[in-house]
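Next come the chains, spelled out residue by residue.
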Amino acid sequence: MDKYVINGGRRLSGEVTISGAKNAAVAILPAAILAEAPCVIENLPNISDVSVLLEVLSIMGAKIRTINKSSIEIDPTRITNPYVPYELAKKMRASYYFLGALLAKHKQAAVPMPGGCDLGVRPIDQHLKGFRSLGAEDSIDDGFIHVKANELMGTQIYFDTVSVGATINVMLAAVKAKGLTIIENAAKEPHVVDLANFLNSIGADVFGAGTDVIKIHGVDSLGGATYSIIPDQIESGTYMVATAATGGDVVIKNVIPKHLEVLTFKLEKIGADIEVFDESLRVRSQGNITKTSIKTMPHPGFPTDMQPQMTALLTLAEGTSMITDNVWDNRFKYVDELRRMGADISVDGKVAVVEGKGSLKGAPVKATDLRAGAALVIAGLAAQGVTEIEDIYHIERGYEDIVVKLRSLGADIKKIHVPEEAIKKAL
Ligand code: EPZ
């Protein structure tokens, strides 16, 4: 078992470069099977979710060539085995994007029910509603979702709820459908736009991504392309919050400031000083954070994926803050871990009330999911004393080189390996 050991209380300072966006990468890699020529994908984050998808692509028969740490070439032209193994699919939610991509490519797909972060109920009814509207049939057998269609026909689809996953999956399925597909009440997240841009770069005709109406004119064939993934909005935000939490001064490079506007506004309001440049941000803080209220919403609202990190920050503020998660019904599991560090937080359904005390104390804690893990890292960096974080595999699903990046900013953090025998002996 690996864990992070953080000796907290050090200001972060210096420069950090943000990697490619996880949630764009996990859509673009399955989308690459639609190409009919090799694709070069650049600015790919080196994280475990990406490794899992590359393994799935290899098993399917795609040829993957590593160009450098953040660029690969995928040749999907010889895919012979359109099958997503359960052992890999269970590790991540985004494996279900192969449903849309395989449906478009082979008119059928079987993908295991997806894994991923446990954030409460995660239905896929809107994905299936979209596939059915396009003319596909679906069933669930032995834990696999099966979809198939004789022909996919363009249509108008109105999502009952704004869903990133359903928007992406239906976009993928519709790219080669006959005629025009109109998705209404579509998600507007930057990764939805990035996927649309990738699809257009290989010859698709997707219009309107980034608004709540996306129009897709089906095309008969698609080519290949070289495409660079956008910077990770949530990784950027995590370093912004970590800087604010430690009273630091950090230049965060390779960001799209527009994607971070709502967070920038919030952090400025509670005491951080933020300078915005074309592709970077400088965050400065004296550590004197004030209380606030946060309500998460689909983009362009406050991102739910920054909610745990902000909660960690607000435990360091003086006064009472209120955090409402309007996207997920159970995204406060990590609160018990912050309580071990001295935080005073009560949770009632989708609302957490943080009684900020101005400080935290190091403690042994466990990452309960990806962003919860990021929140614990931030708490550990700001706390007095030593914090040991277990189950860091959650964190490494989505943060490239987090230890190296934080150490370069002056943090005292290391990753250690605890042999299984030592754990058994201690029990
Ligand atoms: C994506 O998950 C992200 N994952 C999540 O990021 C993120 O929290 C979420 O969008 C919201 O922004 C990826 O992009 C891989 P949704 P997704 O479908 O697509 C309900 C992270 O930390 N819903 O937008 O699974 C659902 O229950 C991860 O990086 C339905 O009711 O989220 C939820 O309440 C965690 N029916 C809401 O919609 C459906 O068919 C939003 O879910 C689908 C969703």
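Given the structure is predicted, the values throughout are model-derived calculations rather than measurements. Position numbers for residues start from 1 in each chain and track the written sequence from start to end. Totals for whole chains, interfaces and linings use all residues, but because this is a predicted model, local features are given only for residues with pLDDT of at least 70 and pairs of side-chain atoms are given and counted only at 80 or more. Hydrogens and waters are ignored; side-chain quantities use all the structure's heavy atoms.

### So, the overall build of the protein
Numbering of helices and strands runs from the N terminus, with a helix taken as a DSSP run of H or I at least four residues long and a strand as a DSSP run of E at least two residues long. For the protein, the helix and strand inventory stands at 15 helices and 23 strands. In this description the radius of gyration comes from C-alpha coordinates, and the expected globular size is given by 2.2 Å times residues to the power 0.38. Expected size for 427 residues packed as a compact globule is a radius of gyration near 22 Å; at 22 Å, the protein falls within 12% of this value. Each principal axis of the C-alpha atoms in the protein carries an extent, and together these give about 60 × 50 × 40 Å. The contacts of the protein with a sequence gap of at least 6 include a subset with a gap of at least 24, amounting to 73%. Computed with the Shrake-Rupley method and a 1.4 Å probe, the accessible areas treat only the protein chains shown as cover for residues. Surface summary for the protein: the accessible area is close to 16900 Å², and the carbon and sulfur share equals 49%. In this tally Asp and Glu are treated as negative and Lys and Arg as positive; neither His nor the chain ends contributes. Lysine's charge is taken at NZ, arginine's at CZ, aspartate's at CG and glutamate's at CD. Separation between the mean location of the 45 positive side-chain charges and that of the 51 negative ones in the protein comes to 2 Å. Contact between two residues is taken to exist if any of their heavy atoms lie within 4.5 Å; hydrogens are not considered.

### A few points about the pairing of strand E7 (residues 137-141)
Strands were regarded as paired on the criterion that DSSP finds at least two bridges between them. With five bridges connecting them, E7 and strand E8 (residues 144-148) associate as antiparallel partners. The residue of E8 that forms the bridge with Ser139 is His146.

### Topic: the sheet that holds strand E19 (residues 345-348)
Across the sheet, which stays open at both edges, the four strands sit in the order E17-E18-E20-E19 with mixed pairing between neighbours. Only two strands of the sheet have a single partner each, and these edge strands are strand E17 (293-296) and E19. Strand-to-strand twist in this sheet, taken as the mean axis angle between neighbours without regard to direction, amounts to 15°. Sheet topology note: the E17/strand E18 (residues 318-325) ladder contains four bridges and is parallel. The convention used is that axes are lines fitted to C-alpha atoms, helices contributing only their stretch in contact, and that angles between N-to-C directions extend from 0 to 180 degrees.

### Regarding the side chain of Lys22
Mapped onto the elements, Lys22 comes out in helix H1 (residues 22-31). Exposure categories follow from relative accessible area, calculated using a 1.4 Å probe and restricted to protein chains: below 20% of the type maximum is buried, above 50% is exposed, and the middle band is partly exposed. The class for Lys22 is buried, based on a relative accessible area of 8%. Those residues in contact with Lys22, other than ones at most four positions away along the chain, are Pro45, Ile47, Asp49, Asp232, Leu370, Arg371, Arg397 and Gly398.

### What to know about the site of the ligand
Each residue is tested against the molecule or strand, and it is near if at least one of its non-hydrogen atoms lies within 4 Å. Every one of the 25 residues lining the ligand counts as a neighbour, but Ser163, Val164, Asp305, Val327 and Arg371 are closest to it. The term polar contact refers here to a pair of N or O atoms within 3.5 Å; inside protein, the definition further demands a hydrogen-donor-capable atom paired with an acceptor-capable atom, and it admits residues adjacent in sequence only when both atoms are side-chain atoms. Trp328 places a side-chain nitrogen or oxygen 3.0 Å from an oxygen atom of the ligand. Burial of the ligand by the surrounding chains reaches 89%, relative to a free accessible area of 830 Å². Of all the elements in the fold, those that place two or more residues in the shell around the ligand are H1, helix H5 (125-133), helix H6 (164-174) and helix H12 (370-382). By the convention adopted, Pro, Cys, Tyr, Trp, Phe, Met, Ile, Leu, Val and Ala count as nonpolar, Lys, Arg, Asp and Glu as charged, and the other residues, Gly among them, as polar. Considered class by class, the residues forming the shell around the ligand number eleven nonpolar, seven polar and seven charged.

### Remarks on the environment of Ala312
Relative to the assigned elements, Ala312 resides in helix H10 (residues 307-314). Considered as a pair, Ala312 and Phe131 are 181 residues apart in the sequence and their alpha carbons are 39 Å apart.

### Brief notes about the side chain of His191
Along the chain, His191 falls in helix H7 (residues 190-201). Since its relative accessible area comes to 11%, His191 is described here as buried. Not counting residues within four places of it along the chain, the set of residues in contact with His191 comprises Asn23, Ala24, Val164 and Ile230.

### Considering the pattern of salt bridges
Salt bridge, as used here, is a side-chain nitrogen of Lys or Arg placed within 4 Å of a carboxyl oxygen of Asp or Glu. Counted under the stated rule, the structure contains 22 salt bridges. Here Lys176 and Glu36 are joined by a salt bridge, their closest N and O atoms 3.0 Å apart. With Lys176 in the loop between H6 and strand E10 (180-184) and Glu36 in the loop between H1 and strand E3 (39-42), the pair connects residues that are 140 residues apart, well separated along the chain. What makes Glu36 partly exposed here is its relative accessible area of 36%. Note that Asp138 and Arg132 form a salt bridge whose closest N and O atoms lie 2.6 Å from each other. In the salt-bridge network here, residues are joined through shared partners; they are Lys22, Asp49 and Arg397.

### Quick word on the packing of H6 against H7
Interaxial distance between H6 and H7 falls to 10 Å at its minimum, and their mutual angle equals 10°. Between H6 and H7, the angle falls in the class roughly parallel. Packed against H6, whose contacting residues are Val164, Thr167, Ile168, Met171 and Leu172, the element H7 presents His191, Val192, Leu195, Ala196 and Leu199 at the interface. Residues that form the contact of H6 with H7 fall into these classes: eight nonpolar, two polar and no charged. Throughout, the term roughly parallel applies to angles under 35 degrees, roughly antiparallel to angles over 145, roughly perpendicular to angles from 65 to 115, and oblique to all others.

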